[in-house]
Amino acid sequence: MTDLESPAPAPRSIGGRLAALTPSGRARVPAAWAVYDFANTMFSFAVVSGAIGLWLTNTDRFGEQDGNVALSVAVVASVALNAIASPILGALSDRGRRRLPFLLFFTVLCIVPTAFIGPSAPAIGLVLFIVANFAYQAALIYYDATLKVVSTPESRGRLSGIGVAIGYCGTIAIGLVIFFLSVAVPDRFVLTALLYGLFAVPIFLFVREPPSTGPRLTVAEVLGSWRQLGLTIAHARQVPGLGRFLFGRFFYSDAVNTIIVVMSVVSVKAMGLSESTANLVLLSLTVVAVLASFGWGVLVDRVGPKRTLQLVLSSWAVGLILGTISLGIEGGLGLGTFLFAGAILGSGLGGVQVADRVFMVRLSPPDRLGEFFGLYGLVGKGSQVVGQMLYGLTFLLLFDALGRTTYQVAVISLLVTMAVGLWLIWPVSDRWAGSGELQPG
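Residues numbered from 1 in each chain as written. Predicted model: local features only at pLDDT ≥ 70, side-chain atom pairs only at ≥ 80, totals over all residues. Heavy atoms only, no water.

Draft legend 1. Focus on the environment of Leu285. Here Leu285 lies in helix 11 (residues 275-303). Given the relative accessible area of 14%, Leu285 is considered buried. Ignoring anything within four residues of it in the chain, the contact list for Leu285 reads Met263, Gly342, Ala343 and Gly346. (Helix = DSSP H or I, 4+ residues; strand = E, 2+ residues; numbered from the N terminus. Buried < 20%, exposed > 50% of the residue type's maximum accessible area, 1.4 Å probe, protein only. Contact = heavy atoms within 4.5 Å.)

Draft legend 2. Spatial organisation of the packing of aromatic side chains. The full count for this structure, using the stated rule, is 17 aromatic pairs. When the centroid spacing of 4.7 Å and the interplanar angle of 20 degrees are considered together, the rings of Trp33 and Tyr143 count as stacked. With Trp33 in helix 2 (residues 28-57) and Tyr143 in helix 5 (residues 122-145), the pair connects residues that are 110 residues apart, well separated along the chain. In this pair, the class of Trp33 matches that of Tyr143, namely buried. (Phe/Tyr/Trp six-rings, centres within 6.5 Å; stacked < 30°, edge-to-face > 60°.)

Draft legend 3. View of the packing of helix 10 (residues 242-270) against helix 15 (residues 405-425). Between helix 10 and helix 15, the least distance of the axes is 8 Å, while the angle of their chain directions is 160 degrees. Relative to helix 15, helix 10 is oriented roughly antiparallel. Every pair of crossing elements has a handedness; the one defined by helix 10 and helix 15 is left-handed. Of the residues belonging to the contact of helix 10 with helix 15, the class tally is 17 nonpolar, four polar and three charged. (Axes fitted to C-alpha atoms, helices over the stretch in contact; angles between N-to-C directions. Parallel < 35°, antiparallel > 145°, perpendicular 65-115°, else oblique. Left-handed = near helix turned anticlockwise from the far one by under 90°. Nonpolar A, V, L, I, M, F, W, Y, C, P; charged D, E, K, R; others polar.)

Draft legend 4. View of the nonpolar core. Of all hydrophobic cores here, the largest spans 116 residues; its most connected members are Phe43, Phe129, Tyr196, Leu242 and Phe245. At 17 residues, the largest contribution of residues to this core is made by helix 2. Excluding anything up to four places from it in sequence, Leu242 contacts Ala236, Met360, Leu363 and Phe372. (Core = buried A, V, L, I, M, F, W, Y, C linked by side-chain atoms within 4.5 Å.)

Draft legend 5. Fine view of the pattern of salt bridges. Within the structure shown, the criterion is met by three salt bridges. With a shortest N-O distance of 3.0 Å, Arg404 and Glu64 are connected by a salt bridge. One end of the pair, Arg404, is in the loop between helix 14 (369-402) and helix 15; the other, Glu64, is in helix 3 (residues 63-94), with 340 residues separating them in the sequence. Take Glu64: its relative accessible area is 13%, and that puts it in the buried class. (Salt bridge = Lys/Arg side-chain N within 4 Å of Asp/Glu carboxyl O.)

Draft legend 6. Structural view of the packing of helix 4 (residues 100-115) against helix 5. Taken N-terminus to C-terminus, the directions of helix 4 and helix 5 make an angle of 155 degrees; their axes are 8 Å apart at the nearest point. The orientation of helix 4 relative to helix 5 falls into the category roughly antiparallel. Considering how the two elements wind past one another, helix 4 and helix 5 form a crossing that is left-handed. Counting all contacts with helix 4, which are made through Phe102, Leu103, Phe106, Thr107, Leu109, Cys110, Pro113 and Thr114, the residues of helix 5 involved are Leu128, Val131, Ala132, Phe134, Ala135, Tyr136, Ala138, Ala139, Tyr142 and Tyr143.

So, in structure tokens, the structure goes:
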């Protein structure tokens, strides 16, 4: 038989393709790693974006005004603590010692407090959520770092994408469970804790790290991780447009991060939807974000990250305006406008994640990519702190006088920060040759 007559090789099975992505050659290793994304995304959706806001604003706990303020305090405290600790946690990760024990510790520290929020007194539940959300975000540092262990340089992008896709599946899965079983808000905490724990197990069973060979991290190096922040800022100022881009990201991320946290509260308290229906709305927006991400990704490749991000933020401005209007309209027209605005925001959520990450790569020299992405992440955490503080202060100062109209004022404040962010990034070029991303000629 000649070469021309040789049969084409049979396509590899899914297991074979997964095995080819990892140095171990075992399909269960990348599969176990990706399933952890399935697990932790359940906490983000069911607790952070859903249950905690509804639990705190219930009349049996803090009530609508104080509950919204308490929600902001909890998010600000947990994210601020994480921002302060991130350089130290990152230093531990970058040193290359074993990361799975740290991942296990913070995973358990998230799961256990979460399980006890529902039956707790309001103040105790608030503290438990602060601990859980801090641990959830700290665990992500070590989980992201394990990508290097389970992948090869050539497969990291694909495996990272698989993890994101599996993570969205986790969101959809727990959303459907809550909807079809009509899980009450207090019971969603223990449900999330159980499912998070169950699907987190495989990464600790099947992923193995090489033994540590480097010296132990010293106190001086831990302190130096904070000194590095000042040096990183100095380096960033040398790149044309990077400082302005990060400053703009601070403002538009403020709106994005705040909407993610308060959407369920707005749906129930301002629009009058049932808790079950609000869960379905959030789930639908997640599906929209998944589908739209592919379209935004194609647009990034065709017209560049800057123009795509401009379109995304412009669409978000439209969505926020329609959302504000919908909160003042009664009946089916108001609900329809609210859902249409939500679809726009859901689409834009995927677009922001796709476009501004590529924009950041375009503005970063290859030898400082990791360093600048650390600053990029810190800006995101800082914006979430400020955004939630602004939301909480709005309710603290205005709810007694304005009542439900306060929700409209809060959304308008997010529109302002979004517009400021869009204005700041508008003159920034994504064609900086120093990134090494542009083809010569």
